[in-house]
Amino acid sequence: MFFKIFGYLFGIGILFAIAAVAGVGWYISELSKDLPDFEVLNSYEPPVTTRIHASDGDLMAEYAHERRLYLPIQAMPEIIKAAFLSAEGKNFYKHIGIDPTGLARAVVTNIRNYGSGRRAIGASTITQQVAKNFLLSNERSFDRKIKEAILSLRIEQAYSKNRILELYLNEIFLGLGAYGVAGASLAYFDKAVQEIELHEAAYLAALPKAPNNYHPFRKTKRALERRNWVIDRMVQNGYVNYDEGEKAKTHELGVNPRRRASTYLVASEYFSEEVRREIVTRYGQTALYEGGLSIRTTLDPQLQVKARKALMDGLIKFDIARGYRGPFNQIELGEDWGISLAKVKGLADVPEWKLAVVLATEKEGASVGIKPKKETSGALSTERKTVQIELKDMKWAKSIRIKDEKNRTAKGVDDIFQVGDVIFVEQMEEDETGSIRYQFRQKPKISGAFVAMDPHTGRVLAMAGGFSFSDSQFNRATQAYRQPGSSFKPFVYAAALDNGYTPSSVVLDAPIRINQGGRLGYWEPKNYGGKTAGPSTLRRGIEKSRNLMTVRLAKDMGMPLVAEYAEKFGVYDKMLPVLSMSLGSGETTVMRMVSAYSVLANGGKQITPSLIDRIQDRYGKTIFKHEERICSTCNAQNWHGQEEPELEDTREQVLDPMTAYQITSMMEGVVQRGTAAVVRQLNVPVAGKTGTTNDYKDAWFVGYTPDLVAGLYIGFDTPKSMGRSSTGGGLAAPIFTAFMKSALEGKKPVDFRVPRGLKLLPINGKTGLLARAGEPGVIMEAFKPGTNPPTSFSVIGFADELGIDGLPVSPDANRAVSSGTGGLF
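Just so it is clear, the structure is predicted and the values come from calculations on it, not from any experiment. (Residues numbered from 1 in each chain as written. Predicted model: local features only at pLDDT ≥ 70, side-chain atom pairs only at ≥ 80, totals over all residues. Heavy atoms only, no water.)

Draft legend 1. Highlighting empty space enclosed by the protein. As enumerated under the stated definition, the model contains four cavities of 30 Å³ or more in all. A volume near 90 Å³ is recorded for the largest cavity. In terms of lining, the largest cavity is formed by 13 residues, of which the most central are Ala 267, Glu 269, Tyr 270, Arg 308 and Phe 467. Residue assignment for the lining of the largest cavity shows that the elements contributing at least two residues are α11 (269-283), α13 (301-320) and β13 (460-464). Of the voids in this model, the second largest cavity is the one considered here, and its volume is about 60 Å³. Lining the second largest cavity we find Thr 49, Glu 62, Arg 67, Arg 68, Leu 69, Gly 183, Leu 186, Ala 187 and Arg 258. Among the elements that line the lining of the second largest cavity, the one with the most residues is helix α7 (residues 180-189), at three residues. (1 Å grid on protein atoms, 1.4 Å probe; cavity = no way out; pocket = protein on both sides within 12 Å on 5 of 7 lines; lining within 4 Å. Points joined across faces, edges and corners; volume = space filled by probe spheres on them. Helix = DSSP H or I, 4+ residues; strand = E, 2+ residues; numbered from the N terminus.)

As structure tokens, then:
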């Protein structure tokens, strides 16, 4: 009877077991139908940080939605792998995707902790975490865990252990906005993952479960406990010995969060932003923020700092000469002025200027509090630093020009500042007594832009788009279209020299009236200062920047020809062929002008300005390269006495090299005898041209040595007069000089290269005729083959002034020609 009952129950049990197995099988089968295809891991391309580097490799900027740097497993440091395997799965290389031992341990632990309020622990292997992170959601459910296990088994069958570990270490979120261990190493310790030490690797390995639970500043104690637990596991697993582990546990967390910013290299903000825009234009937003591009730019960090300093110093000099315009901001001091001041945003890209608040004033000085720094934890420092600023260091501010207030002159600092005024201060160099003083600084209202370029390649070496990118992200070097004024004249003269004129051709410098037709009436351009010089050579015309000569020369050639050359040089895309354009009345950018002058400097070769040398994708493949010249013999495997490789220059020759040298020689005269005399102090071969627009709204200078071109303008963002005598020679040329002086320091001067075939002949600088022996004012002038100095004196434009071609006679011109007044001869 007993056996019958047992057999009956056993049979029922078997049936139930079969039904249960069948049910589980059906359940798993149903779940398996909706599983994602794990083969997508083959084409896994996670969002990776795009990095922009200077020409010397310095990091300039990073752009990412997820701060991740992808590293193949072969490049992953052993200490990192050991730490994560110890923390997340010591049996990783042994299990089949799920770890029965770990699962049993988790079940026992959770039963033991039931009712204690502790969070249940999981038993997910690294493979299961890969399945969840890549293919499933974060939903906490039994169904998801089963799917995770099924996918893990399949993944283990399809991929190697190293590949799975590589996916895991590059995908996991580790806090502070960082994904993957390479990104986390930079985010937490500001160092490459290859530089990570044992205690740092252990801390990173402590984070995957819940980064916020082990925050380095908010939950430091728990973070240390978890890190030390990881170190102990590493010792138990034999990755490090006991002494190494104990030593590592004595370290603090040592977290030094990397500054979260798009730009890292000081002074490169405008440059980086211009590169960012170009990448978006070329490849789109997704490629920039997720594509993991490596971009090597043309920026020279040393020249960039020098360009920025030269421009900033020039803008500051102009600004302080016009007095004090009021505080940057004003605040209520309250109980703690540091807290109030910390809320004011300063100029992040001008780190030498510190925000400060006026705490007390007297006639000879003021006590100011410096804006407190933030600790690495992000909390505001409790330290409060106060310094003195003295009247003797800010006498310029006694001239007060505050908007909507009557202009006045202050007698002391207490007349200038009020308590609560927020200002900028800058630390000065130590004086003879060794004490450190601070000086008051004012953000300039005037602005401008500066570009430096390699004329042979078009590589932009430095670019400053304004005083402060933090204050205004508008890049005046590429986005501000301004009238270049007389700095455009070299292209008028180059067109003439390329079409039969010589540097000793003579043009009449005298008043002129142009009939514009219809209701427009007559246009009467003037020279700067209103004076005329009578008949003068082309060289003298550009050296002294004669407007009337330029207009006559352009009229004699025809403006369509001038427009053609301006477009070939890239100054304008489409130039209106009217005479006023010959004086630079069109609008262009500093970048375009510097590019155009580069053509003159390099012998007439067309160049394409570029901020980027090379772009590589996430796999290191070059997808863009600026250098387009061909070198067919550069890849020779062996040396057999052949000639050295030469680059085949396929660029368009837009100007005769001889013409390029002639106009360069004439612009050397601008420096030696003309409107850019301040540049002469460089004591090196240098050519350039000043530019001043109507009503002194813009001041320009563009110039070059044989291997470096630089140009800039100064003006208000909303164009208005900068005041009388605010000329290119007085404002812009000194900034160019300061930059070049610093950029060329320690370099041997190089002469401009004279093309083969040019003749250098002694010329009378006033008449353009061949000079006689012992004659004063002789200039060595360049002539092309087949051309010579004139043997008789003829004046371009003289016939017009006699009333030919229906133009009215100018009495002033007649007097200048007949009497020799106005500087003739």
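What follows continues from the structure just given.
Draft legend 2. Quick look at the sheet that holds strand β1 (residues 50-53). The mixed open sheet is built from five strands, whose spatial order is β2-β1-β3-β18-β19. The open sheet has two free edges, formed respectively by β2 (59-63) and β19 (622-625), since each of these has just one partner strand. Direction aside, the axes of adjacent strands within the sheet are offset by 15 degrees on average. As paired elements, strand β3 (residues 294-297) and strand β18 (residues 612-616) share four bridges and run antiparallel to each other. Note that in β18 the partner of Ile 295 across the bridge is Ile 615. (Pairing = 2+ DSSP bridges. Axes fitted to C-alpha atoms, helices over the stretch in contact; angles between N-to-C directions.)

Draft legend 3. How the structure looks around α11. The terminal C-alpha atoms of α11, which comprises 15 residues, lie 21 Å apart, in line with the 21 Å expected from a rise of 1.5 Å per residue. Among all positions in α11, only Glu 269, Tyr 270, Phe 271, Ser 272, Glu 273, Glu 274, Val 275, Arg 276 and Ile 279 are buried. Positive phi shows up at Gly 284, right after α11, with a value of about 100 degrees. (Expected span 1.5 Å × (residues − 1). Buried < 20%, exposed > 50% of the residue type's maximum accessible area, 1.4 Å probe, protein only.)

Draft legend 4. The arrangement of the pattern of salt bridges in detail. One pass over the structure, following the stated rule, counts 32 salt bridges. The residue Arg 277 makes a salt bridge to Glu 274 at a minimum N-O spacing of 2.4 Å. Of this pair, Arg 277 and Glu 274 both sit in helix α11, three residues apart, roughly one helical turn. Note on Arg 277: relative accessible area 23%, which makes it partly exposed. Among the ionic pairs, Arg 308 bridges to Glu 352, the shortest N-O distance being 3.4 Å. Placement of Arg 308 in helix α13 and of Glu 352 in the loop between α14 (337-342) and β5 (353-362) is noted, with a sequence separation of 44 residues between them. For Arg 308, a relative accessible area of 12% gives the class buried. A residue is classified by how much of its surface remains accessible, and Glu 352, at 32% relative accessible area, is partly exposed. The structure contains a network of salt bridges with shared partners spanning Glu 273, Glu 274, Arg 276 and Arg 277. (Salt bridge = Lys/Arg side-chain N within 4 Å of Asp/Glu carboxyl O.)

Draft legend 5. Summary view of the nonpolar core. With 134 residues, the main nonpolar core has Phe 450 and Phe 739 as its most contacted residues. If one sorts the elements of this core by residue count, helix α20 (residues 590-601) sits on top with nine residues. Not counting residues up to four positions away in its chain, the partners in contact with Phe 450 are Ala 307, Leu 311, Ala 462, Met 463, Ala 464, Ala 477, Ala 710, Gly 711, Leu 712, Ile 735 and Phe 739. Counting residues in each nonpolar core, the second largest holds 50 residues, with Phe 92, Val 130, Tyr 159 and Tyr 214 among its members. (Core = buried A, V, L, I, M, F, W, Y, C linked by side-chain atoms within 4.5 Å. Contact = heavy atoms within 4.5 Å.)

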